[in-house]
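The residues making up each chain are set out below.
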Amino acid sequence: MSSSYTLKIGGTVGLNADLTTDGIIIFRSASLDLTPVNNAGIDNASINLNDGNGNRLLHVSFRRAENAIVFNTSTNEGWGPEERVALGGKFFKPDITLMVYDHGDRFQILIDYRSKY
């Protein structure tokens, strides 16, 4: 089953079906600006996949000032350990595609259809 949603900045979308093993979610952005904003405080954009209990099964944070993409999870007990990759060199065009593939025991992240995590 395939569905399309429009996600506005700061918005939340409920999916019509659960993401299950071998499921894929694709996020597309019409523009990309990796230039950090000076004096912006926190300069992040993030995507969260949450379950029905409020747990973040996947947190992907694009941190321009830190030149990092941060991956994490959180439950009612707190955040898990962060895993990071460099932000620079991961994007090759101004409109990006981020794909999340659910392997059942882990997520695979592809940026512009290239595996990054």
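Coordinates for the structure precede this section.
In this report, we go over the structure that sits alongside the text. (Residues numbered from 1 in each chain as written. Predicted model: local features only at pLDDT ≥ 70, side-chain atom pairs only at ≥ 80, totals over all residues. Heavy atoms only, no water.)

## Observations regarding the sheet that holds strand β8 (residues 107-111)
Defined as follows: Strands are labelled as partners when DSSP assigns at least two bridges between them. For helices the rule is a DSSP run of H or I covering at least 4 residues; for strands it is a run of E covering at least 2, with both sets numbered from the N terminus onward.
Here four strands make up an open sheet; going across it, the order is β1-β7-β8-β9 and the pairing antiparallel. Edge positions in the sheet fall to β1 (24-29) and β9 (114-115), since each of these pairs with one other strand and no more. Pairing of β8 with β9, which is carried by two bridges, proceeds in the antiparallel orientation. The partner of Leu110 across the bridge, within β9, is Ser115.

## Quick word on the nonpolar core
In plain terms, the rule: In these notes, a set of buried Ala, Val, Leu, Ile, Met, Phe, Trp, Tyr and Cys residues joined through side-chain atoms within 4.5 Å is what counts as a nonpolar core. Burial classes follow relative accessibility: with a 1.4 Å probe on protein chains only, a residue under 20% of its type's maximum area counts as buried, one over 50% as exposed, and anything between as partly exposed. Residues count as neighbours in contact if any of their non-hydrogen atoms are within 4.5 Å of one another.
With 17 residues, the main nonpolar core has Leu58, Phe62, Ile69, Phe91, Leu98, Val100 and Ile109 as its most contacted residues. Within the residue set of this core, elements represented by two or more residues are β2 (44-50), β3 (56-63), β4 (68-75), β7 (96-102) and β8. Once residues lying within four places of it in the same chain are set aside, the contact partners of Leu58 are Ile47, Asn48, Leu49, Asn72, Val100, Phe107 and Ile109.

Read these as layout, nothing more, since geometry by itself doesn't imply function.
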